[in-house]
There are 2 protein chains.
Amino acid sequence: MLQNALHQSKSYLKEIIQPGDVVVDATAGNGHDTLFLAKLVSESGRVFAFDIQTEAIQATQARLQQAGITNAELVLAGHERMAEFVPQNVRAVVFNLGYLPGADHSVTTESTKTIQAIEAALELLLPEGRIVVVIYHGHESGKIERAQLLEFVSGLSQDRFQVLHSAFLNQQNSPPELVVIEKKKSSS
Amino acid sequence: MLQNALHQSKSYLKEIIQPGDVVVDATAGNGHDTLFLAKLVSESGRVFAFDIQTEAIQATQARLQQAGITNAELVLAGHERMAEFVPQNVRAVVFNLGYLPGADHSVTTESTKTIQAIEAALELLLPEGRIVVVIYHGHESGKIERAQLLEFVSGLSQDRFQVLHSAFLNQQNSPPELVVIEKKKSSS
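These numbers were taken from a predicted model, which means no experiment stands behind them. (Residues numbered from 1 in each chain as written. Chains lettered and ligands numbered in written order. Predicted model: local features only at pLDDT ≥ 70, side-chain atom pairs only at ≥ 80, totals over all residues. Heavy atoms only, no water.)

Chemist: Just give me the short version of the packing of aromatic side chains, but keep the residues and values in it.
Modeler: Residue and element names in this part refer to chain A. In this structure the tally under the stated criterion is two aromatic pairs over all chains. When the centroid spacing of 5.8 Å and the interplanar angle of 70 degrees are considered together, the rings of Phe-50 and Phe-85 count as edge-to-face. On the criterion of sequence distance, the pair formed by Phe-50 in strand S2 (residues 46–51) and Phe-85 in helix H4 (residues 82–85) is long-range, its members being 35 residues apart. Among the residues examined, Phe-50 registers a relative accessible area of 0% and is labelled buried. Positioned above the aromatic ring of Phe-36, the side-chain terminus of Lys-10 is 4.4 Å from the ring centre. (Phe/Tyr/Trp six-rings, centres within 6.5 Å; stacked < 30°, edge-to-face > 60°. Helix = DSSP H or I, 4+ residues; strand = E, 2+ residues; numbered from the N terminus. Buried < 20%, exposed > 50% of the residue type's maximum accessible area, 1.4 Å probe, protein only. Lys NZ or Arg CZ within 6 Å of the ring centre and 35° of its normal.)

Written out as structure tokens, the structure is:
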């Protein structure tokens, strides 16, 4: 079976993340990705995880504690403020856009702030580092966010970034889509 | 670096093709894919390669001979006639849509025949088999073919097929795009 966007996103992260890396989970949500990233960077690395919902930070904290993870820093703040908390030379940044799975669907990510956060992440990124964005767009605000995001990333400099978009075309239930941005090697 | 469509296409093929399989190169062109497929299926498998240009069949034949490949059948006929030559239970079918690289760019694939060929391929395919389509759309007729192809595959039954589309969004030189169609396991 072809991998869905979530599985694809993990493959794109595994390809580049090494023990010792600094990485960011821009949308901690229930902490699944934070845990996945913390394991990839190992104890010598560091994960910064952002969320604006207290319940998300708590759920993530509980999940990490249960797994014995101590190399993650959870930040109760919008991901657009990433540069205030995260040092330069980040290997990868993950966004799950849409909503906190299983939680209040009226609390969605906002596209203006999302784009600010991606702009911040692009500058923090190491050469050959990646931003991986999973887009849930089943609900109305998700469709708007998807359109604005695709427009924004389509305009990124081709001298500095590769932007890959993948989507399942023939499914009626709006399956999640994937955008991977890689900073070019010669870029700074 | 993120893999381009051509490299991605090879990854999607390698994931499923086994020694002994029957596979199809729907657009033999210069024979690069035919050779790649012949190696994957090994001597116990079989590759059928189609092209409407004599020079393509000759180039492919020369390439296979040089590599000592004897399990390929080269067919000088349009790929829309695939079902006349290829048995049922095919593991994978490859299309490179656009033109024969390095040859006369006015001889392009035609979208009506391409869609007929994909329809034929869908029926020949094993469950979990894949059709992998690389779309070169730098020239005008390629853009029309791309649009018609995407419309066609978007309409395929989601009960029978998964359809994944991937493209680089921020490049000005119309890099090739990829469509992967997988027949579902329970499908027939």
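That covers the picture; the talk isn't over yet.
Chemist: Got a sec to walk through helix H3 (residues 54–66) of chain A? Specific residues and values, please.
Modeler: Residue and element names in this part refer to chain A. Taking 1.5 Å per residue as the helical rise, H3 with its 13 residues ought to reach 18 Å, and the 18 Å between its terminal C-alpha atoms agrees with that figure. As for H3, its buried residues are in contact with helix H2 (32–41), S2 and strand S3 (72–76). Looking one or two places after H3, you find Gly-68, whose phi comes out positive at around 70 degrees. (Expected span 1.5 Å × (residues − 1). Contact = heavy atoms within 4.5 Å.)

Chemist: Which residues make up the interface of chain B and chain A, and what values go with them?
Modeler: At the junction of the two partners, chain B supplies 27 residues and chain A supplies 27 residues. Joining chain B to chain A, the criterion identifies zero salt bridges. Connecting chain B to chain A are 16 residue pairs in polar contact (both at pLDDT 80 or more). Counting residues per element, the ones that place at least two in the side of chain B that touches chain A are helix H1 (5–14), strand S5 (125–135), helix H6 (140–154), strand S6 (161–168) and strand S7 (177–183) of chain B. With eight residues, the top contributor of residues to the side of chain B that touches chain A is S6(B). Here the side of chain B that touches chain A is composed, by residue class, of 13 nonpolar, eleven polar and three charged. Where strand S6 (residues 161–168) of chain A and S6(B) come together, five bridges link them in antiparallel fashion. (Salt bridge = Lys/Arg side-chain N within 4 Å of Asp/Glu carboxyl O. Polar contact = N/O pair within 3.5 Å; in protein donor to acceptor, adjacent residues only side chain to side chain. Nonpolar A, V, L, I, M, F, W, Y, C, P; charged D, E, K, R; others polar. Pairing = 2+ DSSP bridges.)

Chemist: Quick one: what's the story with the packing of helix H2 (residues 32–41) of chain B against helix H3 (residues 54–66) of chain B, residue by residue and with numbers?
Modeler: Residues and elements named next belong to chain B. At a closest axis distance of 9 Å, the pairing of H2 and H3 adopts a crossing angle of 40 degrees. The orientation of H2 relative to H3 falls into the category oblique. Judged by the twist between their axes, the crossing of H2 over H3 is right-handed. Residue-level inspection shows His-32, Thr-34 and Leu-35 of H2 in contact with H3, the latter providing Thr-60, Arg-63 and Leu-64. (Axes fitted to C-alpha atoms, helices over the stretch in contact; angles between N-to-C directions. Parallel < 35°, antiparallel > 145°, perpendicular 65-115°, else oblique. Left-handed = near helix turned anticlockwise from the far one by under 90°.)

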